[in-house]
There are 2 protein chains.
Amino acid sequence: MAKAQPLFRVHRTQLLPALDATFEAVDKKAKNPNLGNIFLLPDADMLTVRATDLDIEIETTCELLDCGDEAQAFTVKGADLRDIVRNLPESAEIEFLPGAYNGQIRIRSGKSSFSIFSLPASDFPSMATELRGSTFEIAMPDVTAAFSKVAHAVQTKDIGRPFMMGIHMHPMQDERLGFAALDGIGLAAVQIRTERLLDFPGIIIPLKTAQVIRRLFDEVKEPATIEVADNLIRIRCNGVSLLSKLIEGKFPEHYLTAAPSDYEREIFVTVASLKAAVARVCLVASETDKDGIKLTLERDTMRVELTSKEGESAIDYVPIQYEGETGFSIGLNNEALRGILNTVDTQDVIVRFGGSLPNAVFLPSVGAAELYVISPMMARGAEG
Amino acid sequence: MAKAQPLFRVHRTQLLPALDATFEAVDKKAKNPNLGNIFLLPDADMLTVRATDLDIEIETTCELLDCGDEAQAFTVKGADLRDIVRNLPESAEIEFLPGAYNGQIRIRSGKSSFSIFSLPASDFPSMATELRGSTFEIAMPDVTAAFSKVAHAVQTKDIGRPFMMGIHMHPMQDERLGFAALDGIGLAAVQIRTERLLDFPGIIIPLKTAQVIRRLFDEVKEPATIEVADNLIRIRCNGVSLLSKLIEGKFPEHYLTAAPSDYEREIFVTVASLKAAVARVCLVASETDKDGIKLTLERDTMRVELTSKEGESAIDYVPIQYEGETGFSIGLNNEALRGILNTVDTQDVIVRFGGSLPNAVFLPSVGAAELYVISPMMARGAEG
């Protein structure tokens, strides 16, 4: 076989982070092989790396060691390429060559060589388009922290309410950015401060996109540039560009009214002790997402109980600070309650009951502009 | 409700290890609820704890804090009881009481209480029987180490050869105990020294039983008493008694002839480097359990290659010590090869090829009385 000219050479420390970032947009179960592939475009001293599942598209670049004159773009299976590059030694220089057969690419490094299938770059789809919308800069760690606080309230089942299946992000008055999610049982809402007043129409970011954004930009200090158009969002940060579809639909504008200010009862409780009690009574739950937990306010203590559909039951007690009358009971969906207790990061939490709405409202005991609401349900009581 | 008298009280540090041990024999997907249950028999200051899935039965005891006069045996769902006890604080004293309803048991500790279903002890099956066979004592860590070295060669699919689905254990001359497993492609054989000559007919221990034995007795220093009868084995060790069915069938007696002594080629290779090369070429494998790896002996180096059914390929090279002629090739099942490389715990391994059988034989480079055999297959060659 004639000695093939390399298409390009690249150092593993350059290529692997680029593959890891774009791999987030690779469709791992793609029926259309293009969507499972990663696009590689060598050009002079840079390699453009891109992937898309047609909901999200991620593009980044990395430096090449050198590039052949006839190097052209091609695509290869993302999972295979990433596995191969990962398994090479950290200091590896990696050579990409034309394959022995048409439709193959050869990858060579040290004593290792691989021949894998490739597809022509011209078959590779792209979501990229000119966005005509608002652009602003923001610190990503604040945004990803807000995402992680409201994610538990996103509806993950398709119940015919698309607006519930993502995270609502909208500018607020007085230089704040609001985040909210709701699933029909619970609501989570968080606000962060921004450097200046933002102005764009509220959007709904699909949960999957929010998760990818968290993984890509969680710890990136440099500010991101965000462009928001009607049905697309683009985030450019740290050399990575992410483009995602948005969820069409209208998020209820006055969602904060779910937490009425005319509440009737307020308790203070330690998050860890309530979490432990809930975990224990859930041991007898038969439907982990539906069984209700009954909370009953007593003198300095709250009774936590769960009775399964089959009739097994558990009761626990947690100390509370509470001034009002005893005997008040409320039933809360156990999954929603656990979601909140796993999210609140203060030591104590304030819980408010009743008022113009029968909801339970959870607020961190200090600082953070966040609140969580659960609308009550009928919960089976346990044997005393 | 009248205040019920406790059936018994037990400290968590006593009960949890007993539940953990017997839980190994609980049928986690039991259709017959008894097989998912754990049997509890309080008697004076001791609690007997037992479980069985009718293939394995495990019984142990733990100390009680106190025991009511009317305490009787009962059974409760193993997974639930273990979860409840695990979730209580480490220092918990746990009270078992009659349930509010018939067919329930109440468990109370501190501020937590649980009501769960119980079944009458009389419904609980037992495999226990008088064994009439050989009895001997042995150090369990040696036995479990041998199990873990041959386990990879056990056939896990039912291919109509029951003797392949377990670990053969048989006394050998000169105070050794032999262990072997084979799956039709590979064979693993290990021998350990015993204090005296043992005498029992060779048996085949089901893989699942061997795994349970490893988890129960892996680090137990006191010697175990093993009783072997026709179709049952009982191991008593560390206060735990395990009874298991054996696999009926005949393990090939002369299995060691699969490693012929008239081999034609012998190489030395570092386990880690061969393992890394095999892992890399397996990245293009399409059928992880079937694709063959082709090994070719060259001057001071061995070529390792894999070509998938679809035509993707990978080649790697590892340094070897080898004196013979170059060009010899052999195809080996990649799963069998990886199984051996994950098991051998010496730095280097000796591999022998050819002779009166075309098998590849792997031997640790120092010490250990163990050997591994793979019978060759046709392996697709890669493009050079």
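Below or above, wherever it landed, is the structure these notes cover. (Residues numbered from 1 in each chain as written. Chains lettered and ligands numbered in written order. Predicted model: local features only at pLDDT ≥ 70, side-chain atom pairs only at ≥ 80, totals over all residues. Heavy atoms only, no water.)

**Comments concerning the overall build of chain A**
- Within chain A, the secondary structure is distributed over seven helices and 25 strands.
- Projected onto its principal axes, the C-alpha positions of chain A cover 90 × 45 × 35 Å.
- In chain A, which comprises 384 residues, the proportion classed as buried is 54%.
- Put simply, 66% of the contacts in chain A that link residues at least 6 apart link residues at least 24 apart.
- For chain A, the exposed area adds up to about 17,700 Å²; of that, 47% sits on carbon and sulfur atoms.
- Of note, chain A has its 39 positive side-chain charges centred 4 Å away from the centre of its 54 negative side-chain charges. (Helix = DSSP H or I, 4+ residues; strand = E, 2+ residues; numbered from the N terminus. Buried < 20%, exposed > 50% of the residue type's maximum accessible area, 1.4 Å probe, protein only. Contact = heavy atoms within 4.5 Å. Areas by Shrake-Rupley, 256 points an atom, 1.4 Å probe, with all protein chains shown as cover. Lys, Arg positive; Asp, Glu negative; His and termini not counted. Charge placed at Lys NZ, Arg CZ, Asp CG, Glu CD.)

**Focus: the relation of the copies chain B and chain A**
- Rotating chain B by 180 degrees and moving it 0.0 Å along the rotation axis overlays it on chain A with an RMSD of 0.0 Å. Such a combination of turn and shift is consistent with a two-fold rotation axis. Relative to the rotation axis, the C-alpha of Lys29(B) is the closest in chain B, positioned 15 Å from it.
- Both copies share a contact surface, since 100% of the interface residues of chain B are interface residues in chain A too. (Least-squares fit on C-alpha atoms with pLDDT ≥ 70 in both.)

**Section: the environment of Gly339(A)**
All names here are of chain A.
- Mapped onto the elements of the fold, Gly339 is located in helix 7 (residues 334-343).
- A relative accessible area of 12% places Gly339 in the buried class.
- Linking Gly339 and Ala153, residues 186 residues apart in sequence, is a C-alpha distance of 7.4 Å.

**Concerning the state of the cysteines**
- In this structure the tally under the stated criterion is zero disulfides over all chains.
- Considering cysteine sulfurs only, Cys67(A) is the nearest to Cys62(A), which forms no disulfide, with 11 Å between them. (Disulfide = S-S within 2.5 Å.)

**Overview of the packing of aromatic side chains**
Residues and elements named next belong to chain A.
- For the structure shown, the criterion picks out 18 aromatic pairs over all chains.
- Geometrically, the ring pair formed by Phe136 and Phe200 is stacked, given 5.0 Å between the ring centres and 5 degrees between the ring planes. Of this pair, Phe136 sits in strand 10 (residues 134-138) while Phe200 sits in the loop between strand 13 (186-193) and strand 14 (203-206), and the two are 64 residues apart along the sequence. Assigned by exposure class, Phe136 and Phe200 land together as buried.
- For the pair Phe147 and Phe179, a centre-to-centre distance of 5.8 Å together with 85 degrees between the ring planes defines the contact as edge-to-face. (Phe/Tyr/Trp six-rings, centres within 6.5 Å; stacked < 30°, edge-to-face > 60°.)

**Digging into the interface of chain B and chain A**
- On the side of chain A, 30 residues touch chain B, which itself brings 30 residues to the contact.
- Counting each side, the surface lost to burial between chain B and chain A is near 2,700 Å², with a carbon and sulfur contribution of 51%.
- The tally of links between chain B and chain A comes to zero salt bridges.
- Inspection of the region where chain B meets chain A yields 12 residue pairs in polar contact (both at pLDDT 80 or more).
- When contributions to the side of chain B that touches chain A are tallied by element, the ones reaching two or more residues are helix 3 (78-87), strand 8 (104-109), strand 9 (112-120) and strand 21 (313-321) of chain B.
- Looking at which element gives the most residues to the side of chain B that touches chain A, the answer is strand 9 of chain B, with six residues.
- Of the residues assigned to the side of chain B that touches chain A, the class counts are 13 nonpolar, eight polar and nine charged.
- In terms of strand pairing, strand 9 (residues 112-120) of chain A meets strand 21 of chain B through three bridges, oriented antiparallel. What sits directly across from Ser113(A), in strand 21 of chain B, is Ile315(B). (Buried area = accessible area lost by both parts, 1.4 Å probe. Salt bridge = Lys/Arg side-chain N within 4 Å of Asp/Glu carboxyl O. Polar contact = N/O pair within 3.5 Å; in protein donor to acceptor, adjacent residues only side chain to side chain. Nonpolar A, V, L, I, M, F, W, Y, C, P; charged D, E, K, R; others polar. Pairing = 2+ DSSP bridges.)

**A word on the packing of helix 1 (residues 12-23) of chain A against helix 3 (residues 78-87) of chain A**
Residue and element names in this part refer to chain A.
- Orientation of helix 1 relative to helix 3, taken along the N-to-C sense of each, is 145 degrees, at an axis distance of 10 Å. Relative to helix 3, helix 1 is oriented so that their crossing is left-handed. In contact with Arg12, Leu15, Leu16, Leu19, Asp20 and Phe23 of helix 1, helix 3 contributes Gly78, Ala79, Leu81, Arg82, Val85 and Arg86.
- A breakdown of the residues in the contact of helix 1 with helix 3 according to their chemical character gives seven nonpolar, one polar and four charged. (Axes fitted to C-alpha atoms, helices over the stretch in contact; angles between N-to-C directions. Left-handed = near helix turned anticlockwise from the far one by under 90°.)

**Focus: the pairing of strand 24 (residues 360-364) of chain B**
Residue and element names in this part refer to chain B.
- Buried residues dominate strand 24, accounting for five of its five residues.
- Of the strand pairs in this sheet, strand 23 (residues 348-353) and strand 24 are connected by five bridges, and their pairing is antiparallel. If you follow Val351 over to strand 24, its bridge partner there is Phe362.
- Counting the residues that bridge the hairpin from strand 23 to strand 24 gives six residues, and of these Gly354 lies at a positive phi of roughly 75 degrees.
- Once strand 24 ends, the chain turns through five residues before running back antiparallel as strand 25 (residues 370-374), passing Gly367 with a positive phi of about 65 degrees.

**Brief notes about the pairing of strand 17 (residues 240-245) of chain A**
- Counting buried residues along strand 17 of chain A, five of its six residues qualify, which places the element largely inside the surrounding structure.
- From the end of strand 16 (residues 232-237) of chain A to the start of strand 17 of chain A, which pair antiparallel, there are two residues, and Asn238(A) there has a positive phi angle of about 60 degrees.

**Thoughts on the pattern of salt bridges**
- Considering all chains together, one arrives at 40 salt bridges over all chains under this definition.
- Arg303(A) is paired through a salt bridge with Glu305(A); the nearest N and O atoms lie 2.9 Å apart. The pair formed by Arg303(A) and Glu305(A) is uniform in burial state, with each residue classed as buried.
- Of the charged contacts, one joins Asp55(B) and Lys245(B) as a salt bridge, the two residues approaching to 3.9 Å between their closest N and O atoms.

**Description of the nonpolar core**
- Phe96(A) and Phe96(B) are the most contacted members of the largest nonpolar core, which has 215 residues in total.
- Once you skip the residues sitting within four places of it in the chain, Phe96(B) turns out to touch Pro6(B), Leu7(B), Phe8(B), Val10(B), Leu15(B), Leu40(B), Phe74(B), Leu81(B), Ile105(B), Arg106(B) and Ile107(B). (Core = buried A, V, L, I, M, F, W, Y, C linked by side-chain atoms within 4.5 Å.)

**A few points about the environment of Val373(A)**
Residues and elements named next belong to chain A.
- Its place among the elements puts Val373 in strand 25 (residues 370-374).
- Separated by 41 residues in the primary sequence, Val373 and Leu332 place their C-alpha atoms 10 Å from one another.
- If we skip the residues at most four places from it in the chain, Val373 touches Ile185, Gly186, Leu187, Ala258, Ala259, Asn359, Ala360 and Val361.

**With respect to the environment of Gly78(A)**
Residue and element names in this part refer to chain A.
- Turning to its location among the elements, Gly78 is positioned in helix 3.
- Considered as a pair, Gly78 and Glu24 are 54 residues apart in the sequence and their alpha carbons are 10.0 Å apart.
- Non-local contacts of Gly78, meaning those with residues more than four positions away in its chain, are made with Phe23, Gly36, Asn37 and Ile38.

**Digging into the side chain of Ser109(A)**
Residue and element names in this part refer to chain A.
- Here Ser109 is to be found in strand 8 (residues 104-109).
- At a separation of 3.0 Å, a polar atom in the side chain of Ser109 contacts the main-chain carbonyl oxygen of Glu93.
- The residues contacting Ser109, other than those within four sequence positions of it, are Leu88, Ala92, Glu93 and Ile94.

**Points about the packing of helix 4 (residues 140-150) of chain A against helix 5 (residues 207-217) of chain A**
Residues and elements named next belong to chain A.
- Here helix 4 crosses helix 5 at 140 degrees, and the two axes come no closer than 10 Å. Classified by the angle between their axes, helix 4 and helix 5 sit oblique to one another. The two elements helix 4 and helix 5 meet at a crossing, and its hand is left-handed. Taking contact as the criterion, the partners of Met140, Pro141, Thr144, Phe147 and Ser148 in helix 4 are, on helix 5, Ala210, Ile213, Arg214 and Phe217.
- Among the residues making up the contact of helix 4 with helix 5, the classes are represented as six nonpolar, two polar and one charged. (Parallel < 35°, antiparallel > 145°, perpendicular 65-115°, else oblique.)

**A word on unusual backbone geometry**
- One non-glycine residue with positive phi stands out, namely Glu175(B), at about 55 degrees.
- Here Glu175(B) lies in the loop between strand 11 (166-172) and strand 12 (176-182).

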